[in-house]
Amino acid sequence: MSMKSVRHAIVSNDGKRMLGIVSAKDFMNYLGGGEKSRLMEQLHGGDILRALNSPIAPIVNKKPITDSMSASLPDLMAHMAKYDIGMLPLLDAEGLVWGILSERHLFRLFEDGQMFVRVSEIMSKPLISLDSKGTLLDAMRVMIKNDIRRLPIVNEGELWGIVTVKDVMNFLASGYIGDVINKGLCQYILQANISKLTTPNPKTVSPDADLSDAVKIMGKHNVGSLVVMSASKPIGILTERDFLLKLPKLRGVEFMTDVSRNRVLVGRIHF
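Conventions we followed
- Residues numbered from 1 in each chain as written.
- Predicted model: local features only at pLDDT ≥ 70, side-chain atom pairs only at ≥ 80, totals over all residues.
- Heavy atoms only, no water.
- Helix = DSSP H or I, 4+ residues; strand = E, 2+ residues; numbered from the N terminus.
- Rg over C-alpha atoms; globule rule 2.2 N^0.38 Å.
- Buried < 20%, exposed > 50% of the residue type's maximum accessible area, 1.4 Å probe, protein only.
- Contact = heavy atoms within 4.5 Å.
- Areas by Shrake-Rupley, 256 points an atom, 1.4 Å probe, with all protein chains shown as cover.
- Lys, Arg positive; Asp, Glu negative; His and termini not counted.
- Charge placed at Lys NZ, Arg CZ, Asp CG, Glu CD.
- Pairing = 2+ DSSP bridges.
- Salt bridge = Lys/Arg side-chain N within 4 Å of Asp/Glu carboxyl O.
- Axes fitted to C-alpha atoms, helices over the stretch in contact; angles between N-to-C directions.
- Left-handed = near helix turned anticlockwise from the far one by under 90°.
- Nonpolar A, V, L, I, M, F, W, Y, C, P; charged D, E, K, R; others polar.
- UniProt positions renumbered as here; feature names shortened; annotations may be inferred.
- Phe/Tyr/Trp six-rings, centres within 6.5 Å; stacked < 30°, edge-to-face > 60°.

A tally of helices and strands in the chain yields 10 helices and 14 strands. The C-alpha radius of gyration of the chain comes to 20 Å, within 12% of the 18 Å expected for a compact globule of 271 residues. Taking the principal axes of the C-alpha coordinates as reference, the chain spans close to 60 × 55 × 25 Å. Relative to its full complement of 271 residues, the chain shows a buried share of 46%. A fraction of 56% describes how many contacts in the chain between residues 6 or more apart in sequence connect residues 24 or more apart. When the accessible area of the chain is evaluated, it comes to approximately 14200 Å², of which 52% is carbon and sulfur surface. Within the chain, the 28 negative side-chain charges are centred at a point lying 2 Å from the centre of the 34 positive side-chain charges.

An order of S3-S4-S5 is seen for the 3 strands of this open sheet, with the pairing classed as mixed. Strands at the two margins of the open sheet, each flanked by one partner only, are strand S3 (67-68) and strand S5 (97-102). By the bridge criterion, 2 bridges tie S3 to strand S4 (residues 87-91) in an arrangement that is parallel. The partner of Ser68 across the bridge, within S4, is Leu91.

Glancing now at the pattern of salt bridges. Within this structure, the stated rule accounts for 13 salt bridges. Note that Glu121 is salt-bridged to Arg268, the shortest N-O span being 2.8 Å. One end of the pair, Glu121, is in the loop between helix H5 (103-107) and strand S6 (130-131); the other, Arg268, is in strand S14 (residues 263-268), and 147 residues separate them in sequence. Residues participating in the shared-partner salt-bridge network are Arg7, Asp84, Glu103, Arg149 and Arg241.

This brings us to the sheet that holds strand S7 (residues 150-155). With mixed pairing, 4 strands are arranged side by side in an open sheet as S6-S7-S8-S9. The open sheet has two free edges, formed respectively by S6 and strand S9 (199-200), since each of these has just one partner strand. Here S6 runs beside S7; their pairing, made up of 2 bridges, is parallel. Paired with Leu130 across the strands is Ile153, a residue of S7. Packed on one face of the sheet, helix H6 (residues 136-145) meets S6, S7 and strand S8 (158-164) and runs near 130° to S7. This element, helix H7 (residues 165-172), spans S8 and S9 of the sheet and lies at about 65° to S8.

Now for the packing of helix H1 (residues 24-33) against helix H2 (residues 37-44). The packing of two helices is summarised by the inter-axis angle and the distance between the axes. The interhelical angle for the contact between H1 and H2, taken along N-to-C directions, is 65°, at an axis separation of 6 Å. Two packed elements cross with a definite hand, and for H1 against H2 that hand is right-handed. Facing Asn29, Tyr30, Leu31 and Gly32 of H1, the residues of H2 in contact are Ser37, Leu39, Met40, Leu43 and His44. Of the residues in the contact of H1 with H2, the class split is 5 nonpolar, 4 polar and no charged.

Turning next to the UniProt feature "domain: CBS" (unreviewed entry) in the chain. Cross-referencing UniProt, the feature "domain: CBS" (unreviewed entry) maps to residues 60-117, 123-180 and 198-255 in the present numbering. The annotated region residues 198-255 carries 31% helix and 34% strand content, and the separation between its end C-alpha atoms amounts to 35 Å.

The next subject is the packing of aromatic side chains. Each aromatic ring pair is specified by the distance between its two centres and by the angle formed by the two planes. Per the counting criterion, the structure on display carries 5 aromatic pairs. Ring geometry for Phe110 versus Phe255: centroids 6.1 Å apart, planes at 90°, classification edge-to-face. One end of the pair, Phe110, is in the loop between H5 and S6; the other, Phe255, is in strand S13 (residues 253-258), and 145 residues separate them in sequence.

Turning to the pairing of S14, a few remarks are in order. Pairing of S13 with S14 involves 6 bridges; the strand directions are antiparallel. Looking at S14, one finds that Glu254 is bridged to Gly267. Between the end of S13 and the start of S14, which pair antiparallel, lie 4 residues, with Asn262 showing a positive phi angle near 55°.

Listed below in structure tokens is the structure:
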């Protein structure tokens, strides 16, 4: 998952028939961030090294939400919104894996023309954040408890950086972790300061900006979220999922699919 820079992986024995799905949040939950950590205690006595080297079967979702490769794009978007999921496996007529559709795929279809919708109308608030003195385990617990994948890091109330579930996966797959394990210090992995995996200077946007401006910023920098800033203070966060889940519910906002251009047009047609 770290090598492919993805948050989800389809589990299969033959590369065709799906046995389930495992996500980055499943790993965080299992390693100490949530209720699945009890399972790690039962299976491995809390030994992180044993857990990292054990089969993934205990954390695989064996009954994931799926859809058909022949379904229309609006129906697929509605299906993902209904179940609040970020990735949807697509199966062929024989039930074999044909491909996947993710919220990142959908977001890239958004036309960046003016939408007449302000960032403040769909952003997530109040901002859930972590102090820069926190640890990896602290971040995992906050992300699992609040069901979020991106966690702004603050220092004395000022925006300092951001950590995502991908950052956590990359950190756990890094050479640093290998060195820690080789030194017999794996019990300290989850106590690593959050600074070791924080991305500094995250991209930001004003709450009064049109969503089209946010789409441009996110597309230009290839990021899935923007921290919303007001008077130099972080007040919320705007994510790809906010676009998919909240935009369709706003008064006067319409979605139109332009199949010829492979684009999704969004705009407020009345107030």
